[in-house]
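This is what each chain is made of:
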Amino acid sequence: MTPVAVGIAVVGAGPAGLAAAGDARTAGTRVLLIEERPALGGRAMIVPGARGLAEGLMRDLGGVEVWRNSPVWALCGRTLFVLRGDRVETVAADAVILATGARETLLPFPGWTLGGVTTVEGGWEAVRAGRVGPEAGPAVVVGGLFAATLANRLHERGLVVSVIAPDRPRGLAEAVAHVTAPLTAAHGTDVVEEVSLADGARHPCAMLCVESPRSPATELARQAGCPSLYHPLLGGFVPRYDPFMMLHGPTARVFIAGDASGLDNPRAAAESGRLASRAALRVLALLPDAEERIAEVRQRLRDASVPLHARAREALMTGAVPDEVVERWDGLPETVVCPCEAVTAGDLRDALEDGARTPDDIVRLTGCGTGVCRGRRCEGAMMRWLSGVLETPIGRMSQPQVRPPVRPVPVAAVVQAASADHA
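Computed from a predicted model, the values in this text were never measured in an experiment.

Novice: Before we go on, may I ask you to explain the packing of helix H9 (residues 345-353) against helix H11 (residues 379-390) in this structure?
Specialist: Geometry of a packed helix pair, given as the angle between the helix axes and the separation of the axes. Two elements in contact, H9 and H11, have axes whose closest approach is 11 Å; the angle formed by their N-to-C orientations is 50°. It follows from the interaxial angle that H9 and H11 lie oblique. In this structure, the crossing between H9 and H11 has a hand that is right-handed. From H9, Leu-348, Arg-349 and Leu-352 reach across to H11, where they touch Met-382, Trp-385, Leu-386, Val-389 and Leu-390. Its residues placed into classes, the contact of H9 with H11 shows seven nonpolar, no polar and one charged.

In structure tokens:
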């Protein structure tokens, strides 16, 4: 298979990826922007006040080649393996920018695997896809301001909506009910039918959206051999990178940007994308006045960032190690932790009694994280659980090894790619 040769490949089309690709387009090299979803913009399209930023960045993409609906399922050196339709394409890049964003991940609770239970971001995806209308039935949204914005939109679509939060969120529509008792469980056969609360009340529910922790999506960086450290303020495990956003690791000219490099706001994500782009162009000798232009965008990144996040990111760039933190997650023995492989909290406890002391031990003994989602739904909870029961700072634990594919790939496509390589 002949690789597609490009100067700069950008993975992810949220604000960071859009800004990186747009900034690089005038440098005289081929720029390829790869997005696994059909629409560009990422989370910025559902964050109040950020949609205009993303749309403006899209207008700057003239001359950038864009592949939509194209998950990147492996990274080897600077070669990307991309699923396009039912075929695998390989992309060989002079520089790679990983702008893979962050994902909101549910922490397990009884009933969280039922159909209709999702994160708040998942609820927004359903709205954007046109899958939500009055016929969807009653909805319950758990969380704060971001959750309230979703609740208002669901109400506008004709749903009966309740919000669970300690205090009534600002801006919540008067017609949306507010409940203070915490959620304890979801109930139903295959799909959610009702939820129960800590005060014993039960509410009908056909759609449950729970605002959940967001963590950087770093599978490709980890697969590339980049070391990580745990920084709670930046969202959890974050790859190590230098002041130019270039990843530490065995392969040069692989950069990271946006929420994949640590959580911040959409405008800061965009500026980090520009910083990564200019640093890549400098390394490729394609950026006139490189030092001045990099210093300019680095200052814009500082100005756009949440102050505490900016300080944490700059400390990370210079090699500082954050304070150690023991994280915790607990669940009843029957609570499912890994939906793909039906691994429960009780199975994790059994593995501990069988000698498991590392995340890779848990994976080996239980299969947790080896299913179709490749650990995206369960790895965080599993590592929090192990950190808590061992009283070990989570940053001292190595993350489970990442093996390709990091996204589901049809067997036929893999066979096709292997056959082409050996032709």
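More follows now that the structure is in view.
Novice: Looking at this structure, how should I read empty space enclosed by the protein?
Specialist: Summary: where empty space remains is shown by rolling a probe the size of a single water molecule over the atoms. In the structure shown here, the tally under the stated rule is three cavities of 30 Å³ or more. Computed from the structure, the largest cavity encloses a volume of approximately 50 Å³. Leu-275, Arg-298, Leu-301, Arg-302, Ala-310, Arg-313, Glu-314 and Met-317 are the residues that line the largest cavity. Of all the elements in the fold, those that place two or more residues in the lining of the largest cavity are helix H7 (290-304) and helix H8 (307-317). Looking at the lining of the largest cavity, the element that brings in the most residues is H8, giving four residues. Considered class by class, the residues forming the lining of the largest cavity number four nonpolar, no polar and four charged.

Novice: Explain unusual backbone geometry to me, please; I cannot follow it from the model alone.
Specialist: Glycine aside, residues mostly have negative phi angles, and peptide bonds mostly take the trans form. Along the chain, Pro-404 connects to Pro-405 via a cis peptide bond; the corresponding omega equals 0°. Looking at the secondary structure, you find Pro-405 in the loop between H11 and helix H12 (411-421). Although it is not a glycine, Asn-69 sits at a positive phi angle of roughly 50°. Tracing the backbone shows Asn-69 in the loop between strand E3 (65-67) and strand E4 (72-76). The exposure class assigned to Asn-69 is partly exposed, which follows from its relative accessible area of 44%. Positive phi values are uncommon outside glycine, yet Met-245 reaches one of about 70°. Relative to the elements of secondary structure, Met-245 occurs in the loop between strand E18 (236-239) and strand E19 (254-256).

Novice: What am I meant to see in the sheet that holds strand E14 (residues 202-204) here?
Specialist: One open sheet accounts for three strands, arranged E12-E13-E14; its pairing is antiparallel. Taken across any chain shown, the strands that pair with only one partner, and hence form the sheet edges, are strand E12 (183-187) and E14. When strand polarity is set aside, the average angle formed by the axes of neighbouring strands in this sheet is 25°. As defined by bridge partners, E12 adjoins strand E13 (residues 194-197) across four bridges and the pair is classed as antiparallel. Bridge pairing in E13 places His-187 opposite Glu-194.

Novice: Explain the packing of helix H6 (residues 266-283) against H7 here, please?
Specialist: For the pair H6 and H7, the least separation of the axes is 8 Å and the interaxial angle reads 165°. As the angle between them shows, H6 and H7 are arranged roughly antiparallel. The handedness of the crossing between H6 and H7 comes out as left-handed. Residues Arg-267, Ala-268, Glu-271, Ser-272, Arg-274, Leu-275, Arg-278, Ala-279 and Arg-282 of H6 pack against Ala-290, Glu-291, Arg-293, Ile-294, Glu-296, Val-297, Arg-298, Arg-300, Leu-301 and Ala-304 of H7. Looking at the contact of H6 with H7, its residues break down into eight nonpolar, one polar and ten charged.

Novice: Would you explain the pairing of E4 in this entry?
Specialist: For a regular strand, the rule is simple: side chains alternate between the two faces of the sheet. E4 sits mainly inside the fold: four of its five residues count as buried. One ladder, built from four bridges, connects E4 with strand E5 (residues 79-84); its direction is antiparallel. Bridge pairing in E5 places Ala-74 opposite Phe-81. Counting the residues that bridge the hairpin from E4 to E5 gives two residues, and of these Gly-77 lies at a positive phi of roughly 65°.

Novice: What exactly am I supposed to notice about the nonpolar core here?
Specialist: One recurring pattern in soluble globular proteins is that nonpolar side chains are buried together. Counting residues in each nonpolar core, the largest one holds 96 residues, and the members touching the most others are Leu-80, Val-91, Leu-98, Val-141 and Leu-154. Among the elements that take part in this core, H6 stands out by supplying eight residues, more than any other. With residues near it in sequence (within four places) discarded, Val-91 still touches Val-4, Val-6, Ala-9, Leu-32, Trp-67, Arg-78, Thr-79, Leu-80 and Val-82. Counting residues in hydrophobic clusters, the runner-up holds 22 residues, among them Ala-356, Val-363, Met-383 and Ile-394.

Novice: Please clarify how the layout of surface pockets should be interpreted in this entry.
Specialist: In this structure, the second largest pocket occupies an estimated 780 Å³ of space. In this structure, the second largest pocket is lined by 42 residues; those nearest its centre are Arg-222, Gly-375, Glu-379, Gly-380 and Gln-399. When contributions to the lining of the second largest pocket are tallied by element, the ones reaching two or more residues are strand E16 (214-216), helix H5 (219-223), E18, helix H10 (359-366) and H11. The biggest single contributor to the lining of the second largest pocket is H11, with six residues.

Novice: Which parts of the structure should I look at to understand the packing of aromatic side chains?
Specialist: Tallied over the entire structure, the rule returns two aromatic pairs. Here Trp-73 and Phe-81 contribute two aromatic rings whose centre-to-centre distance is 5.6 Å and whose plane-to-plane angle is 50°, an arrangement assigned as tilted. For the pair Trp-73 and Phe-81, a shared accessibility class is recorded, and that class is buried. Geometrically, the ring pair formed by Tyr-230 and Phe-237 is edge-to-face, given 5.0 Å between the ring centres and 70° between the ring planes. Phe-237 gets classed as buried once you look at its relative accessible area, which sits at 11%. Its end group placed over the ring of Phe-146, Arg-43 keeps NZ or CZ at 4.8 Å from the ring centre.

Novice: What should I look at first to understand H11 in this one?
Specialist: Counting along an α-helix, one turn takes 3.6 residues, and residues three or four places apart therefore face a common direction. With twelve residues, H11 extends 16 Å between its outermost C-alpha atoms, agreeing within 8% with the 16 Å of an ideal straight helix rising 1.5 Å per residue. Of all twelve residues that make up H11, nine are buried, and the element is covered over most of its length. Residues of H11 that are buried include every one of Glu-379, Ala-381, Met-382, Met-383, Arg-384, Trp-385, Leu-386, Ser-387 and Gly-388, and no others. Buried residues belonging to H11 abut H5, E18, strand E20 (336-338), H9 and H10. One or two positions beyond H11, positive phi appears at Glu-391, with a value near 55°.

Thresholds applied
- Residues numbered from 1 in each chain as written.
- Predicted model: local features only at pLDDT ≥ 70, side-chain atom pairs only at ≥ 80, totals over all residues.
- Heavy atoms only, no water.
- Axes fitted to C-alpha atoms, helices over the stretch in contact; angles between N-to-C directions.
- Helix = DSSP H or I, 4+ residues; strand = E, 2+ residues; numbered from the N terminus.
- Parallel < 35°, antiparallel > 145°, perpendicular 65-115°, else oblique.
- Left-handed = near helix turned anticlockwise from the far one by under 90°.
- Contact = heavy atoms within 4.5 Å.
- Nonpolar A, V, L, I, M, F, W, Y, C, P; charged D, E, K, R; others polar.
- 1 Å grid on protein atoms, 1.4 Å probe; cavity = no way out; pocket = protein on both sides within 12 Å on 5 of 7 lines; lining within 4 Å.
- Points joined across faces, edges and corners; volume = space filled by probe spheres on them.
- Buried < 20%, exposed > 50% of the residue type's maximum accessible area, 1.4 Å probe, protein only.
- Pairing = 2+ DSSP bridges.
- Core = buried A, V, L, I, M, F, W, Y, C linked by side-chain atoms within 4.5 Å.
- Phe/Tyr/Trp six-rings, centres within 6.5 Å; stacked < 30°, edge-to-face > 60°.
- Lys NZ or Arg CZ within 6 Å of the ring centre and 35° of its normal.
- Expected span 1.5 Å × (residues − 1).

Remember, this is a structural readout, not a statement about activity or role.
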